[in-house]
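One letter stands for each residue in the lines below.
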Amino acid sequence: MNEWRDVHLEIVSKMVREPVAGSRHVQRQTLRGWCSGYEGDVLDEAIDDLIAVGLVREKGRGTVTLRSVQDGKRFLERFDEDDEYVWFY
């Protein structure tokens, strides 16, 4: 699996696991701490990508949330080729 996809899957899986959706949101810095195996710039770019495709919403003061847990699970199902992140089955 390439690193670019792995970063996105890691972020979404952490947000699904917590769950960070609906009225619950977290700071970007908190999310970066949850995904500590990657550099901050790489994580910020991945978060921006997920915002651009509409899976993650950015709220005020730099906080982020998933559009929904179900959408996060569908994202993982679609892009997790090695079944590393599809832990909810």
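Here, every reference points to the structure presented above.
The rules behind these values
Residues numbered from 1 in each chain as written. Predicted model: local features only at pLDDT ≥ 70, side-chain atom pairs only at ≥ 80, totals over all residues. Heavy atoms only, no water. Helix = DSSP H or I, 4+ residues; strand = E, 2+ residues; numbered from the N terminus. Rg over C-alpha atoms; globule rule 2.2 N^0.38 Å. Buried < 20%, exposed > 50% of the residue type's maximum accessible area, 1.4 Å probe, protein only. Contact = heavy atoms within 4.5 Å. Areas by Shrake-Rupley, 256 points an atom, 1.4 Å probe, with all protein chains shown as cover. Salt bridge = Lys/Arg side-chain N within 4 Å of Asp/Glu carboxyl O. Patch = residues over 30% accessible without salt bridge, like charges linked within 9 Å, V, L, I, M, F, W, Y side chains within 5 Å. Lys, Arg positive; Asp, Glu negative; His and termini not counted. Charge placed at Lys NZ, Arg CZ, Asp CG, Glu CD. Expected span 1.5 Å × (residues − 1). Polar contact = N/O pair within 3.5 Å; in protein donor to acceptor, adjacent residues only side chain to side chain.

A. Main features of the overall build of the protein. If you tally the helices and strands in the protein, you get 4 helices and 3 strands. In the protein, the succession of helices and strands from N to C terminus is α-β-α-α-β-β-α. At 12 Å, the protein has a C-alpha radius of gyration in line with the 12 Å of a compact globule built from 89 residues. For the C-alpha atoms alone, the extent of the protein along its principal axes is close to 35 × 25 × 20 Å. Put simply, the protein has 89 residues, and 40% of those count as buried. By sequence separation, contacts in the protein at least 24 residues apart represent 62% of the contacts at least 6 residues apart. As presented, the protein carries roughly 5,200 Å² of accessible surface, and 43% of it is formed by carbon and sulfur atoms.

B. Seen up close, the pattern of salt bridges. Scanning all chains against the criterion turns up 8 salt bridges. The salt bridge partner of Glu10 is Lys14, with a shortest N-O separation of 3.6 Å. In this pair, Glu10 and Lys14 both sit in helix α1 (residues 3-17), 4 residues apart, roughly one turn of the helix. Accessibility classification places Glu10 together with Lys14 in one group, the buried group. Note that Asp44 is salt-bridged to Arg32, the shortest N-O span being 3.0 Å. With a gap of 12 residues between them, Asp44 in helix α3 (residues 40-52) and Arg32 in helix α2 (residues 28-34) connect regions that are remote in the sequence.

C. Inspection of a negative patch on the surface at higher detail. A surface patch of negative charge is lined by Glu3, Glu39, Asp41 and Glu45. In this fold, Glu3 is placed in helix α1.

D. Seen up close, α3. Given a rise of 1.5 Å per residue, 13 residues ought to cover 18 Å, and the 18 Å separating the end C-alpha atoms of α3 matches this to within 8%. Each element contacted by the buried residues of α3 is listed here: α1, α2, β2 (56-58), β3 (63-66) and α4 (69-79). Positioned one or two residues after α3, Gly54 has a phi angle of 90°, which is positive.

E. View of the side chain of Ser13. With respect to the helices and strands, Ser13 occurs in helix α1. Judged by its relative accessible area of 1%, Ser13 falls in the buried class. Of note is the side chain of Ser13, whose polar atom sits 3.0 Å from the backbone oxygen of Glu10.

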